Amino acid sequence: MESSIKVRTVRPEDVARIKELVELSWKDQGASHLLEKRFGMQGGKPWLEWKWPEVEQACRERPRQVLVTEVEGKVVGFASYRLDPVRKVGTVGNNAVDPEYRGRGLGKRQLAHVLQIFREEQMDFAEVTVALNEGHTAAKAMYEKSGFETVVDSRYMFLQLK
Ligand SMILES: CC(C)(COP(=O)(O)OP(=O)(O)OC[C@H]1O[C@@H](n2cnc3c(N)ncnc32)[C@H](O)[C@@H]1OP(=O)(O)O)[C@@H](O)C(=O)NCCC(=O)NCCS
């Protein structure tokens, strides 16, 4: 498999596939879907319509800051990021690997590409925020195995008003 793996910047034709990856990856684990399951739809729209625009906007407005991982020509993962040249901090954004391709080192490799870009862009630090629910166990492990240290554990809370 090794020789057929490629990490590159996103292209417009990847966007539909990335939307599939977002749906597969945040279903049952991301805050937007968990909120919908517990409290019902927000603003009359299904959870993916709230989650997807974050990623779609990155692909459209700053495509250089969205990477995809291809295996044998198929897009199986993506990772977005931001750069703050004043603080010199790179922020790792949404990233995921197709469930069928997980556990093979692709997520960590994709993240390593993002961190390499941070270094090339003269960032001094990298930051990421990860939820601590069970669905994010792999993500938390990936960040820890890549050298990230926990600074603050925060909690996302919600209150039904009606
Ligand atoms: C997080 C995610 C991208 C990891 O992708 P992946 O390709 O399966 O990860 P890797 O195979 O590169 O594993 C990275 C490390 O995490 C560890 N890991 C992976 N899954 C794990 C799990 N379920 N439990 C514990 N450790 C795990 C691996 O052992 C590996 O450590 P190693 O380098 O010491 O072997 C993938 O699980 C995913 O898409 N999750 C859903 C979306 C998500 O949570 N994104 C992050 C949002 S903050």
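Here goes a summary of the coordinates provided.

Reading the values: rules and limits
Residues numbered from 1 in each chain as written. Predicted model: local features only at pLDDT ≥ 70, side-chain atom pairs only at ≥ 80, totals over all residues. Pairing = 2+ DSSP bridges. Helix = DSSP H or I, 4+ residues; strand = E, 2+ residues; numbered from the N terminus. Near = placed C-beta within 6 Å. Nonpolar A, V, L, I, M, F, W, Y, C, P; charged D, E, K, R; others polar. Axes fitted to C-alpha atoms, helices over the stretch in contact; angles between N-to-C directions. Contact = placed C-beta atoms within 7 Å. Expected span 1.5 Å × (residues − 1). Buried ≥ 20, exposed ≤ 12 C-beta atoms within 10 Å, placed from the backbone. Arc of directions from axis to C-beta.

## A look at the pairing of strand β2 (residues 66-71)
Okay, step 1: As defined by bridge partners, strand β1 (residues 5-9) adjoins β2 across five bridges and the pair is classed as antiparallel. Residue pairing across strands places Ile 5 opposite Val 71, the latter belonging to β2.
Okay, step 2: Between β2 and strand β3 (residues 74-84), which pair antiparallel in sequence order, lie two residues; one of them, Glu 72, sits at a positive phi of approximately 45°.

## Brief notes about the site of the ligand
Okay, step 1: Within the structure, the ligand sits among 19 residues, and Arg 102, Gly 107, Lys 108, Ala 138 and Ala 141 are positioned closest to it.
Okay, step 2: Of all the secondary structure elements, the ones that give two or more residues to the shell around the ligand are β4 (89-97), α4 (106-120) and α5 (137-145).
Okay, step 3: Per-element accounting of the shell around the ligand gives the leading share, six residues, to α5.
Okay, step 4: In terms of residue class, the shell around the ligand is built from eight nonpolar, seven polar and four charged.

## Quick look at the sheet that holds β1
Okay, step 1: Spatial strand order, β1-β2-β3-β4-β5: five strands in an open sheet with mixed pairing. Here the strands that pair on one side only, and so sit at the sheet edges, are β1 and β5 (125-127). Sheet twist, expressed as the mean angle between neighbouring strand axes with direction ignored, is 25°.
Okay, step 2: Bridge analysis of β4 against β5 gives three bridges, and the strand direction is parallel. Residue Thr 91 lies in a different strand from β5, and its bridge partner there is Glu 127.
Okay, step 3: Across the sheet, helix α3 (residues 48-61) is in contact with β2, β3 and β4; its angle to β4 comes to roughly 115°.
Okay, step 4: In this fold α4 packs onto β1, β2, β3, β4 and β5, with an angle of close to 30° to the strand it touches most, β3.

## So, helix α1 (residues 15-26)
Okay, step 1: Along its twelve residues, α1 runs 16 Å from first to last C-alpha, staying within 8% of the 16 Å computed at 1.5 Å per residue.
Okay, step 2: All buried positions along α1 are accounted for by Ile 18, Leu 21, Val 22, Ser 25 and Trp 26. For α1, the buried positions fall inside an angular range of 105° around the axis, keeping them on one side. More than 90 degrees from the buried face of α1, the exposed residues found are Ala 16 and Glu 20.
Okay, step 3: Residues of α1 that are buried in the fold lie against α2 (31-39), α3, β3 and β4.
Okay, step 4: Trailing α1 by a residue or two, Asp 28 shows a phi angle of about 65°, which is positive.

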